[in-house]
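Read off the chains here:
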Amino acid sequence: QVDLWQPSSPLHIVEGAVTDVRVPWNTTRSLLPFLQQANIQYTILISDLQEAIENQTGGRSHRNRRSLSEYNYEVYHSLKEIEDWMHYLNRTSSDLVHMFSVGKSYEGRPLYVLKLGKRSRPYKKAVWIDCGIHAREWIGPAFCQWFVKEALQTYQTDPDMRKMLTQLYFYVMPVFNVDGYRFSWTNDRFWRKTRSKNMRFHCHGVDANRNWKVKWCDEGASLHPCDDTYCGPFPESEPEVKAVAHFLRKHRKQIKAYLSFHAYAQMLLYPYSYKYATIPNFNCVELAAYNAVNALQSAYGVRYRYGPASSTLYVSSGSSMDWAYKNGIPYAFAFELRDTGHFGFLLPETLIKPTCTETMLAVKNITLHLLKKCH
């Protein structure tokens, strides 16, 4: 399984690997005989991609008219809808929610974060959660919204949730890459990067998960601005990355876990991403991952692979997870949510609820693990 839909950046394509490729409709007839002739095995996953995209983004007006109190967590939401929802929660759930911005995106949009938790004491440990570093991975922001919903709705009735929100703060960033996410709604459903301009190559964007100052632009990242895994002109060149890194640095003594949500592969990954090596607190992190994937599986029987990102997925440098770990956050995880490639980034809305329900169990498990002493 590799992290691309069109081989514009063939970094991870090796013999024996599986890759997903978008093929223009008018070349299909000539391509299929070529694949057969070359003895390349293939499966047609989605025969009409354009139709599948339109099914996901079409028919929006009925959703927009619904009141925020009836917000539907089982559909994908545009950036404006998500921001309106955040403002609404900030107004109506002020006992548990505080909304703030950590900075502005390249195109000048605010980078909103929700701080969740009971203001029971001045200092509390915290968990950082971000979604949507890669624009096209819509199930990420859907999960961040689901997490907030569950926290607010079950706080009174679920002892574990009450414990979590009483003893910890959660910083939840539903859409990290706001410019890219909006672009994936308006122009290119499969857009991955930020939207910063590169004047020399006239290509837009940097991979916000290759732009962090940890083994920057080494293996698994590209120096070419037109590639999907372009690392940027320098570390933290992207205002979104710089803003979040600044916030995490400022609160590093408080933040004990960093959780980042991606798609797709059904994996729970931990450091290192940039090298094959064992982290110093491997036993604690491995145990947390093992328990989390078991909790996740208990919902629908979906089995996640888990392990160091480099050996479980592939080597990549400049990732947020490695940076968080290197900057003193002891529990750093990246989730690759459903599925394993049939729908890929076009995960149907009918799968939002099961995906988020099972992921919620894993996140609660990791969080409760933090509150215990790991030997």
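Only a predicted model underlies this, so the values are computations on that prediction, with no experimental measurement involved.

Cut-offs and rules
Residues numbered from 1 in each chain as written. Predicted model: local features only at pLDDT ≥ 70, side-chain atom pairs only at ≥ 80, totals over all residues. Heavy atoms only, no water. Disulfide = S-S within 2.5 Å. Helix = DSSP H or I, 4+ residues; strand = E, 2+ residues; numbered from the N terminus. Buried < 20%, exposed > 50% of the residue type's maximum accessible area, 1.4 Å probe, protein only. UniProt positions renumbered as here; feature names shortened; annotations may be inferred. Contact = heavy atoms within 4.5 Å. Polar contact = N/O pair within 3.5 Å; in protein donor to acceptor, adjacent residues only side chain to side chain. Core = buried A, V, L, I, M, F, W, Y, C linked by side-chain atoms within 4.5 Å.

### Digging into the state of the cysteines
No. 1: This model, assessed by the stated rule, comprises three disulfides.
No. 2: Residue pairing for Cys131: its cysteine sulfur links by disulfide to Cys144, the two sulfurs lying 2.1 Å apart. Residues Cys131 and Cys144 share a disulfide whose torsion about the S-S bond is about 85°; that sign makes it right-handed. Taken together, the residues Cys131 in strand S3 (residues 125-131) and Cys144 in helix H5 (residues 139-154) connect sequence positions 13 residues apart. Of the two residues examined, Cys131 and Cys144, each falls in the buried class.
No. 3: Across a sulfur-sulfur distance of 2.0 Å, Cys217 and Cys231 are joined as a disulfide pair. The S-S bond linking Cys217 to Cys231 shows a torsion near -70°; that makes this disulfide left-handed.

### Some remarks on the UniProt feature "active site" (unreviewed entry) in the protein chain
No. 1: In the numbering adopted here, UniProt assigns the feature "active site" (unreviewed entry) to Glu336.
No. 2: When you line up the elements, Glu336 lands in strand S10 (residues 331-337).
No. 3: Looking at Glu336, the relative accessible area reads 8%, which means it is buried.
No. 4: In contact with Glu336, other than residues within four places in its own chain, are His262, Ala263, Tyr264, Ala265, Gln266, Met267, Leu269, Tyr304 and Leu313.
No. 5: At 3.4 Å, the side chain of Glu336 forms a polar contact with the backbone nitrogen of Ala263.

### Notes on unusual backbone geometry
No. 1: Here the bond from Pro271 into Tyr272 is cis, since omega is 5°, no more than 30 degrees from zero.
No. 2: In this chain, Arg338 is followed by Asp339 through a cis amide linkage whose omega measures 0°.
No. 3: One non-glycine residue with positive phi stands out, namely Asn39, at about 60°.

### A closer look at the nonpolar core
No. 1: Core analysis: the biggest nonpolar cluster contains 107 residues, and Trp128, Ile129, Phe170 and Phe333 have the highest contact counts within it.
No. 2: Setting aside its immediate chain neighbours within four residues, Ile129 contacts Cys144, Phe147, Phe170, Tyr171, Val172, Met173, Leu259 and Phe261.

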